[in-house]
Amino acid sequence: MVKYGRTHYGKQRFRCQDCKRQFVEAPSRQPINQATRELVEKLLKERLALAAISRVTRVSQRWLQMYVNQKYYALQHEVTVTPKKSVS
């Protein structure tokens, strides 16, 4: 492992010389846990604004928008059109 500069947060970055992977020894940003994701889904069903959901759950608006986009694209988009009845 060798020092490999700093992150934009100012933390020391390291790099493995074998696999070239970069990492921070003690990251301060953690992944969003499952309980928070479930709360986000409940709040989305209540049709709250994304800014409000972001404030309540303390997740970034950027992460929230990416999460919503992933959920949207995972849905099946199938439209069925029924023919209009003719009036005589």
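Up top is the structure.
A brief structural summary. In this text the structure is predicted, and so the values were computed from the model without any measurement.

### Points about helix 3 (residues 61-74)
- For helix 3, built from 14 residues, the straight-helix expectation of 20 Å at 1.5 Å per residue is met to within 8% by its first-to-last C-alpha distance of 20 Å.
- By the burial criterion, the buried members of helix 3 are W63, L64 and Y67. Axial view of helix 3: buried residues confined to an arc of 100°, hence all on one face. Across from the buried face of helix 3, at angles greater than 90 degrees, the exposed residues are Q61, R62 and Y73.
- Those residues of helix 3 that are buried are in contact with helix 1 (34-45) and helix 2 (50-57).

### Some words on the pairing of strand 1 (residues 2-6)
- As defined by bridge partners, strand 1 adjoins strand 2 (residues 12-15) across three bridges and the pair is classed as antiparallel. Each bridged residue has a counterpart across the sheet, and for V2 the counterpart in strand 2 is R15.
- The turn joining strand 1 and strand 2, which pair antiparallel and follow one another in sequence, is formed by five residues; a positive phi near 95° is taken by G10.

### Some words on the environment of V81
- Within the secondary structure, V81 is located in the segment after helix 3.
- Between the C-alpha atoms of V81 and Q65, which are 16 residues apart in sequence, the distance is 30 Å.

### Side note on the packing of helix 2 against helix 3
- It is the contact of helix 2 with helix 3, at a shortest axis distance of 9 Å, that shows an interaxial angle of 120°. As helix 2 runs across helix 3, the sense of the crossing is right-handed. Where helix 2 approaches helix 3, its residues L50, A51, I53 and S54 are matched on the opposing element by Q61, L64, Q65 and V68.
- Classifying every residue of the contact of helix 2 with helix 3 gives five nonpolar, three polar and no charged.

About the criteria used
- Residues numbered from 1 in each chain as written.
- Predicted model: local features only at pLDDT ≥ 70, side-chain atom pairs only at ≥ 80, totals over all residues.
- Heavy atoms only, no water.
- Helix = DSSP H or I, 4+ residues; strand = E, 2+ residues; numbered from the N terminus.
- Expected span 1.5 Å × (residues − 1).
- Buried < 20%, exposed > 50% of the residue type's maximum accessible area, 1.4 Å probe, protein only.
- Arc of directions from axis to C-beta.
- Contact = heavy atoms within 4.5 Å.
- Pairing = 2+ DSSP bridges.
- Axes fitted to C-alpha atoms, helices over the stretch in contact; angles between N-to-C directions.
- Left-handed = near helix turned anticlockwise from the far one by under 90°.
- Nonpolar A, V, L, I, M, F, W, Y, C, P; charged D, E, K, R; others polar.

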